[in-house]
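Chains, contacts and geometry: an overview
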Amino acid sequence: MSVRAAVSGIRSTLGGRVVVGTVSAGQLTGYKRTSFRQQVYISHVRQFSITPTAQKKTAVKKSSSKEDPEQDIEVAIYDPQSFKSSCDEILAHLKSQVQEVRMGKADLRTLSSLKVQVGKQKIVLDKLAQVSMRGGRHIVVSVYDPETVKAVSAGILAANLNMNPQVDPSNPQTLLIPVPPPTRESREATVKSIKTLIESAQKSVHTRSVHQERTKAMAAVKLMKQASYSKDMTTKLESQIEKINKEYLGKLSKMQDDAAQAVMRS
């Protein structure tokens, strides 16, 4: 068996390093021809070679057929730790996002990206000033040029962000924006934002999620089945993948509950 094709349909799934199995082109889909001497498995993370086992035989076949279902490729054993590592990365990124929402840093990003009218041109605020939080009760806008303080203040008022900048009496280049104390409605809105973030990390098909990584892992095991690995091996791998999947979905649910309780108590 061999194949003059590159695996292009399944990506970033074969994380293992031990190469022992083979699979024929006639059994698989998602292939396309790359080069005659060497095949490449296409991955978001890295690329590794899949080389025909019988180069001499391949050379003979080249002139007689565009597709050779009798040529072999080698298939790597999938390592479930790659799925776990991906889930750890998703979890770490999500913790950072949730913390930003709780601290109101999403409002800071909105303010920093605001376009301010200065003379005849509009300039993004983060080019004119540094935006930060002070004690959770004030947003501080430190304007670089004293000549643009009035323009920055007017731009913030005109943006209808429910922000009322005031010049700091101790520093005329600093604008202070009071952050109103949280209400039940604002707390509920924060909880809703956190829920949306976590649901996306659990099952989104558009952004990186546990669901996406599980799908890739299972695709890798399916490829091993087609390469005639033992049923015991592939069944064990599927069981490990499902265990990791359940573990991280549980961690995400707990994160949502803990964050919601902390917000409603604040």
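To start, this report covers the structure provided alongside it. (Residues numbered from 1 in each chain as written. Predicted model: local features only at pLDDT ≥ 70, side-chain atom pairs only at ≥ 80, totals over all residues. Heavy atoms only, no water.)

Attention now goes to helix α5 (residues 184-203). Think of an α-helix as turning once every 3.6 residues; residues three or four places apart then point the same way. Relative to the 28 Å expected for 20 residues at 1.5 Å per residue, α5 spans 29 Å between its end C-alpha atoms, a close match to the ideal helical length. Buried residues of α5: Arg187, Ile194, Ile198, Ala201 and Gln202, and no others. Taken around the axis of α5, the buried residues stretch over an arc of 100 degrees, which confines them to a single face. Among the exposed residues of α5, those oriented more than 90 degrees off its buried face are Glu185, Lys192, Thr196 and Lys203. Close packing links the buried residues of α5 with α2 (80-103), α6 (210-226) and α7 (231-265). (Helix = DSSP H or I, 4+ residues; strand = E, 2+ residues; numbered from the N terminus. Expected span 1.5 Å × (residues − 1). Buried < 20%, exposed > 50% of the residue type's maximum accessible area, 1.4 Å probe, protein only. Arc of directions from axis to C-beta. Contact = heavy atoms within 4.5 Å.)

Here we come to the packing of aromatic side chains. Throughout the structure, instances matching the rule amount to zero aromatic pairs. We note Lys251 situated over the ring of Tyr248; from NZ or CZ to the ring centre the distance is 4.5 Å. (Phe/Tyr/Trp six-rings, centres within 6.5 Å; stacked < 30°, edge-to-face > 60°. Lys NZ or Arg CZ within 6 Å of the ring centre and 35° of its normal.)

Now for the pattern of salt bridges. Considering all chains together, one arrives at nine salt bridges under this definition. In this structure, the salt-bridge partner of Asp88 is Lys84, at a minimum N-O distance of 4.0 Å. Taken together, the residues Asp88 and Lys84, both in helix α2 and four residues apart, mark about one turn of the helix. Between Lys216 and Glu213 there is a salt bridge, and its shortest N-O distance comes to 3.7 Å. (Salt bridge = Lys/Arg side-chain N within 4 Å of Asp/Glu carboxyl O.)

Before going further, it helps to examine the packing of α2 against α7. At a minimum axis separation of 10 Å, α2 and α7 run at an interaxial angle of 10 degrees. Judged on the interaxial angle alone, α7 and α2 are roughly parallel. Along its contact with α2, which presents Pro80, Phe83, Lys84, Cys87, Asp88, Leu91, Leu94, Lys95, Val98 and Arg102, the element α7 presents Leu237, Gln240, Ile241, Ile244, Asn245, Tyr248, Lys251, Leu252, Met255, Ala259, Ala262 and Val263. Residue composition of the contact of α2 with α7, grouped by class: 15 nonpolar, two polar and five charged. (Axes fitted to C-alpha atoms, helices over the stretch in contact; angles between N-to-C directions. Parallel < 35°, antiparallel > 145°, perpendicular 65-115°, else oblique. Nonpolar A, V, L, I, M, F, W, Y, C, P; charged D, E, K, R; others polar.)

Turning next to the pairing of strand β12 (residues 171-178). Two elements, strand β10 (residues 138-143) and β12, share five bridges in a ladder whose sense is antiparallel. Following the sheet pairing, Ile139 is matched in β12 by Ile177. Count of turn residues in the strand β11 (residues 166-168)/β12 antiparallel hairpin: two residues. (Pairing = 2+ DSSP bridges.)

Moving on, we come to the sheet that holds β10. Here we have four strands laid out as an open sheet, ordered β9-β10-β12-β11, and antiparallel in their pairing. Bordering the open sheet on either side are β9 (129-134) and β11, each of which pairs with just one other strand. Neighbour-to-neighbour, the strand axes of this sheet turn through a mean angle of 35 degrees, independent of strand direction. Across the sheet, helix α4 (residues 149-158) lies against β10 and β12, angled at about 10 degrees from β12, the strand it touches most.

This paragraph deals with α6. An ideal rise of 1.5 Å per residue puts 24 Å on 17 residues; α6 measures up with 25 Å between its terminal C-alpha atoms. For α6, the full list of buried residues reads Val210, Glu213, Ala217, Met218, Ala219, Ala220, Val221, Leu223 and Met224. Trailing α6 by a residue or two, Ser228 shows a phi angle of about 70 degrees, which is positive.

Taken N-terminus to C-terminus, the directions of α6 and α7 make an angle of 180 degrees; their axes are 10 Å apart at the nearest point. As far as their axial angle goes, α7 and α6 are roughly antiparallel. For the pair α6 and α7, the contacting residues are Val210, Arg214, Ala217, Met218, Val221, Met224 and Lys225 in the first and Met233, Thr234, Leu237, Glu238, Ile241, Glu242, Asn245, Tyr248, Leu249 and Leu252 in the second. Per-class residue counts for the contact of α6 with α7 are eleven nonpolar, two polar and four charged.

Bear in mind that shape data such as this cannot, by itself, settle questions of function.
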